[in-house]
Amino acid sequence: MKFYNVCAVVLAFAVTSCGSPIKKVIKDHVRNAEVQVKALAAASDNGSEVKIPYSYQNGQIKFVGKSAWTSGFFAGTLWEMYALTGDKTFADYAKRQTENLEEIKFLTSHHDIGFMMNSSYGGALQYAPDLVDQKAYKEVLIQSAKSLCTRFHPGAGIIQSWNTSAKWLCPVIIDNMMNLELLFKATQFSGDSTYWKVAVSHADKTIQNHFRPDYSTYHVVDYDPETGEIRARQTAQGYADESAWARGQSWGLYGFTMAYRFTKDPRYLSQAEKIADFLLTNKTMPEDLVPFWDFNCPDIPNTYKEVTCASIMASAFCELYSITGKQVYLDSADKIIESLAKPEYRAAQGENGNFILMHSCGSVPGGSDVDVPLNYADYYLLEALLRRQKL
Ligand code: GLY
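A quick note: this is a predicted structure, and the numbers were derived from the prediction, not measured.

Observations regarding the pairing of strand 8 (residues 360-363)
For strand 8 and strand 9 (residues 368-372), the ladder comprises three bridges, and the chain directions are antiparallel. Within strand 9, the residue paired with Ser 363 across the bridge is Ser 368. Linking strand 8 to strand 9, which pair antiparallel, is a turn of four residues; within it Gly 367 sits at a positive phi near 65°.

Rendered as structure tokens:
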């Protein structure tokens, strides 16, 4: 037997006896997350009061109020942990965290109700439908979709993200693509196509107005709400108006992949793939596929990494692979999942306030939540693991 044949046999034996390398990494992630998330859940729920953890800074867990845009991710994380482990303890915590948010179904003061309710109530229906009152949970989601649609401007064809300010009349941010999942589901649950039509209109306008020729996305587009005329294209969380804020690119990638999942509209798939191409061929993208916080930050590589962006990409790439079968997306998802298992990004057990991942950035220009753990980094990592397991 030639040397390379021997090597091939040894390698095949190693793979079959230990499982594929990515399976081992996923198993290791889950074992670690079991300890971290359970401890964080216990620190956030003493049986009489539920608090919503979103970060860990200066030696303290930071909690948010129900109306914060991040309020649904911890409930979602707990549902994901239940799906990954089958441990009912996670489902019990998840149910309490989820139902704690019920009143949010009437929230109309910003667009993030899609993030909040789809990760919590939507997560329950996705991962543990037999453990919840499905009819009641669907009704919460339908009401939430109704609340989101109060922000739709038919003349402009978009859902307003933030309220009018001194700077913007009717700002729409790329993140808003993520809220459309709630609308698609509301139509599926209710049979009322209104929500679906709003989602499609918003996605179409986003393709039309949010992207540059290289398929990087602006963060904020300010519209005239009556006519749809563009007043400005700017940033809030990026380095500059003309820069590519990292998380925004991943919201676009995930958002258009998700929009394709529901509509099967090839334009949405094409948009997602063009965004993927921008991300994967970007000259500032590090080899480990964990980007810096803005692709155009002049301080790269001496600036912050943005782990939420990597988690969101990993999850989106799993879905993009399941749709297209293109190996590059699977390889990219695996690379990120592997990178995020390293001590560079993943905290040791018992550290980091029991959040799984370190080094995310909420808003670098705003000086808030910079280089810290954030609950949505963990949420999208666990979603990526669940999606990857299925492939
Ligand atoms: N949707 C808010 C953010 O990504 O920071």
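Structure's up, so let's keep going.
Focus: the site of the ligand
If you check the shell around the ligand, you find Trp 69, Asp 175, Gln 237, Trp 245, Arg 247 and Trp 251 and nothing else. At 2.7 Å from an oxygen atom of the ligand is found a side-chain nitrogen or oxygen belonging to Arg 247. Considered on its own, the ligand offers 200 Å² of accessible surface; in the complex 93% of this is hidden by protein. In a pocket analysis with a 2 Å cut-off to the grid points, the ligand is assigned to the second largest pocket. When grouped by side-chain class, the residues that make up the shell around the ligand number three nonpolar, one polar and two charged.

Observations regarding helix 13 (residues 375-390)
A rise of 1.5 Å per residue sets the reference length of helix 13, with its 16 residues, at 22 Å; its end C-alpha atoms lie 23 Å apart and thus fit the reference within 8%. Burial analysis of helix 13 places 14 of its 16 residues in the buried class, which makes it a mostly covered element.

Here's the deal with the nonpolar core
In summary, soluble globular proteins display a tendency toward joint burial of nonpolar side chains. In terms of nonpolar packing, the biggest core is built from 114 residues, with Leu 180, Leu 183, Leu 253, Phe 317, Leu 340 and Tyr 380 touching the most fellow members. Per-element tally for this core: the top contributor is helix 11 (residues 307-324), with 10 residues. Those residues in contact with Tyr 380, other than ones at most four positions away along the chain, are Phe 73, Phe 115, Met 178, Trp 251, Tyr 254, Ser 311, Ile 312 and Ser 315. Membership of the second largest hydrophobic core comes to six residues, among which are Ile 158, Cys 170, Val 172 and Tyr 223.

Some points on the layout of surface pockets
Taken as a whole, the largest pocket holds about 410 Å³ of empty space. Around the largest pocket, the lining comprises 20 residues; the ones closest to its centre are Gln 126, Tyr 127, Glu 383, Arg 387 and Lys 390. Elements represented by at least two residues in the lining of the largest pocket include exactly helix 5 (113-127), helix 7 (180-190), helix 9 (246-263), helix 11 and helix 13. Considering only residue class, the lining of the largest pocket consists of six nonpolar, seven polar and seven charged. In this model, the second largest pocket occupies a volume close to 220 Å³. The wall of the second largest pocket is formed by 19 residues, among which Trp 69, Thr 70, Gln 237, Arg 247 and Tyr 376 lie closest to the centre. Its residues assigned to classes, the lining of the second largest pocket comprises nine nonpolar, six polar and four charged.

Observations regarding the side chain of Asp 45
Of note, Asp 45 is situated in the loop between helix 2 (21-44) and strand 1 (52-57). In terms of polar contacts, Asp 45 uses its side chain to reach the backbone amide nitrogen of Gly 47, at 2.9 Å. A distance of 2.7 Å separates the side chain of Asp 45 from the side chain of Arg 96, its partner in a polar contact. Non-local contacts of Asp 45, meaning those with residues more than four positions away in its chain, are made with Val 50, Tyr 93 and Arg 96.

What about the sheet that holds strand 7 (residues 230-234)?
The antiparallel open sheet is built from three strands, whose spatial order is 5-6-7. Single-partner strands in this sheet number two, and they are strand 5 (171-173) and strand 7. Strand-to-strand, the axes of this sheet are offset by a mean angle of 20°, without reference to chain direction. Sheet topology places strand 5 next to strand 6 (residues 220-223); three bridges connect them, and they run antiparallel. By the bridge assignment for strand 6, Pro 171 is matched with Asp 222. The strands touched by helix 8 (residues 194-210) are strand 5, strand 6 and strand 7; relative to strand 6, the strand with the most contacts, the crossing angle is about 105°.

Analysis parameters
- Residues numbered from 1 in each chain as written.
- Predicted model: local features only at pLDDT ≥ 70, side-chain atom pairs only at ≥ 80, totals over all residues.
- Heavy atoms only, no water.
- Pairing = 2+ DSSP bridges.
- Helix = DSSP H or I, 4+ residues; strand = E, 2+ residues; numbered from the N terminus.
- Near = heavy atom within 4 Å.
- Polar contact = N/O pair within 3.5 Å; in protein donor to acceptor, adjacent residues only side chain to side chain.
- Areas by Shrake-Rupley, 256 points an atom, 1.4 Å probe, with all protein chains shown as cover.
- 1 Å grid on protein atoms, 1.4 Å probe; cavity = no way out; pocket = protein on both sides within 12 Å on 5 of 7 lines; lining within 4 Å.
- Sits in = over half its atoms within 2 Å of the grid points.
- Nonpolar A, V, L, I, M, F, W, Y, C, P; charged D, E, K, R; others polar.
- Expected span 1.5 Å × (residues − 1).
- Buried < 20%, exposed > 50% of the residue type's maximum accessible area, 1.4 Å probe, protein only.
- Core = buried A, V, L, I, M, F, W, Y, C linked by side-chain atoms within 4.5 Å.
- Contact = heavy atoms within 4.5 Å.
- Points joined across faces, edges and corners; volume = space filled by probe spheres on them.
- Axes fitted to C-alpha atoms, helices over the stretch in contact; angles between N-to-C directions.

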